[in-house]
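# Residue-level structure breakdown
Here is how the chains run, residue by residue.
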Amino acid sequence: MKTKYFFLSVLAMTTLLVVGVNAQAAQAPLKEVKSAKGKVSGANIFNRLLKKDEQRNAAPPEDGIHDSANDGTHVLQPPLIAYDGLPTSEFGNYVDWVKSLDDGLLKPRYDLSDPTVEPLVMDLDIVREVKASMPDVVFPHKPHTQWLHCSNCHPKIFIPQRNANVISMSAILLGQKCGVCHGKVSFPITTKSCTKCHSKPKPADWKPPKSEASLKNPWR
Amino acid sequence: MCAVRDIIKSHSARVLVFFDEFMEGVSMFKSAMIGLLGMLAVLMLPQAAQAEYADVVINNYADAAGMRPAVFPHWYHRIRFRCKVCHADLGFKLKAGGNKITMAKIIDGKFCGACHNGEISWSVENCGMCHSGVPGTPTQIHGSTVQRLVAPTYKSLGKPAK
């Protein structure tokens, strides 16, 4: 009896050790820098806050939210099988949904049961001037109305009138305005996706407005 | 102790096998207890989730009713349906967990039940196809920009402290 419990506890502690070491290795992918004088403290490693995708488009049993002990999980389709042959992108699902649709590689229904119903597409671009150095934002109604209905945006998210809505990047990152969908289901906000929205270059003579605060007059 | 037992049950069947035996000897073998707790702590570490972008975990009621949370894959459905079908025609609100979906509503033909009825898609008796989430996973939309921020913006945007 006694040996059995001792054995079990040793087993448990070994598990702890192995998993713990693995977790540390995952956090610090760079090898330790060894030198004769000493070694760099763990607090000063690279990538303290950077999180990288270890695996893109993981299959359901390996994705961390599906329970692999559930039989149904293993029947679900791995995304990569479905994405085969679709144009790729650098973010989100790593699929260019707009191009896939335009190229006719996908035919999602616009009606629950009738596959022949065509969407009500409206081709109207809205340009939103951006005060900062970023290129101006072009909101294209076309790709939106291919997927969505006017009532998904108007009037709850946006008043249907040019420049009647106050939109800012912080609101978007908070999940409001464009951020209701972008960063949730439609393409997310990341360094590589900025120019998807910020797509109209500033005029050649455009200069960023100067801040008025100065040391002499910090209160303006 | 009951809660701990539930957690262990849901995390690893292997632990469960010797759990009952194990508990009998606990008071006598402190080291065994420490080992067990250590193992438990490891099993409870948040898993590095890398689920597909826009997968929604819906867990308003499932856990409490002893079912695994439901997982809704947007990518799979948007290949077959435009957003308009669900978010305009079927009335799904644009908020994870915001629709208060229950099985009673589903078999009544609402929400998932508008399609998972044996006509447009496979029928509702395939519990494990929808209820496939890791037990205890909270309601969320996966891979969202907000989840990926290093520091949450919503904290810094509150009213300035005085």
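Everything that follows concerns the structure shown earlier in this document.
The structure displayed is predicted, hence computed values, not measured ones. Counting of residues starts from 1 at the beginning of each chain's written sequence and follows it residue by residue. All chains are assigned letters beginning at A, and all ligands numbers beginning at 1, according to the order in which they are written. Per-residue local features are limited, in this predicted model, to residues with pLDDT of at least 70; the limit for side-chain atom pairs, both in listing and counting, is 80 or more; totals at the level of whole chains, interfaces and linings are taken over all residues. Excluding hydrogens and water, the side-chain values take into account all heavy atoms of the structure.

Moving on, we get to the sheet that holds strand β5 (residues 198-200) of chain A. Residues and elements named next belong to chain A. At least two DSSP bridges between two strands are needed for those strands to be called paired. Strands here are runs of E lasting at least two residues and helices are runs of H or I lasting at least four, both read from the DSSP assignment and numbered beginning at the N terminus. On the basis of which strands lie adjacent, the open sheet formed by three strands has the order β3-β4-β5 and antiparallel pairing. Pairing within the sheet leaves two strands with one partner each, and these edge strands are β3 (125-128) and β5. Neighbour to neighbour, the strand axes of the sheet diverge by 55° on average, direction disregarded. Sheet analysis places strand β4 (residues 136-140) next to β5, joined by two bridges and oriented antiparallel. Bridging across to β5, Val137 finds its partner in His198. Structural elements are reduced to axes, namely lines fitted to C-alpha atoms, with helices fitted over the stretch in contact, and the angle between N-to-C directions of any two is expressed from 0 to 180 degrees.

All names here are of chain A. The topology assignment puts His198 in strand β5. Under the scheme applied here, a residue whose accessible area is under 20% of the maximum for its type counts as buried, over 50% as exposed, and between as partly exposed, the area being computed with a 1.4 Å probe on protein chains only. Since its relative accessible area comes to 11%, His198 is described here as buried. Looking at His198, its side chain comes within polar contact range of the main-chain oxygen of Pro135, at 2.8 Å. Polar contacts, as counted here, are pairs of nitrogen or oxygen atoms within 3.5 Å of one another; within protein the pair requires one atom able to donate a hydrogen and one able to accept it, and residues that are adjacent in sequence qualify only if both atoms are side-chain atoms.

Here the focus is the packing of aromatic side chains. Any Phe, Tyr or Trp ring, taking Trp's six-membered ring, that has another such ring centre within 6.5 Å forms a pair; planes under 30 degrees apart are called stacked, those over 60 apart edge-to-face, and the others tilted. Counting across every chain of the model gives six aromatic pairs over all chains. Here the aromatic rings of Phe91 of chain A and Phe187 of chain A are separated by 6.0 Å at their centres, their planes lie at 50°, and the arrangement is tilted. One end of the pair, Phe91 of chain A, is in the loop between α2 (79-83) and α3 (97-102); the other, Phe187 of chain A, is in the loop between α6 (169-173) and α7 (194-197), and 96 residues separate them in sequence. Residue Phe91 of chain A is classed as buried on the basis of its relative accessible area of 9%. Members of the aromatic cluster, each reached through a chain of ring pairs, are Tyr83, Trp97 and Trp147 of chain A together with Trp75 and Tyr76 of chain B.

This part is about the pattern of salt bridges. All names here are of chain A. The salt bridge definition used is simple: a Lys or Arg side-chain nitrogen within 4 Å of an Asp or Glu carboxyl oxygen. Inspection of every chain in the model, using the stated rule, returns seven salt bridges over all chains. A salt bridge links Lys192 to Glu90; its shortest N-O distance comes to 3.6 Å. On the criterion of sequence distance, the pair formed by Lys192 in the loop between α6 and α7 and Glu90 in the loop between α2 and α3 is long-range, its members being 102 residues apart. You can call Glu90 partly exposed: its relative accessible area is 41%. The residue Lys202 makes a salt bridge to Asp136 at a minimum N-O spacing of 3.4 Å. With a gap of 66 residues between them, Lys202 in the segment after β5 and Asp136 in strand β4 connect regions that are remote in the sequence. A residue is classified by how much of its surface remains accessible, and Lys202, at 16% relative accessible area, is buried. Look at Asp136 and you get buried, because its relative accessible area is 5%.

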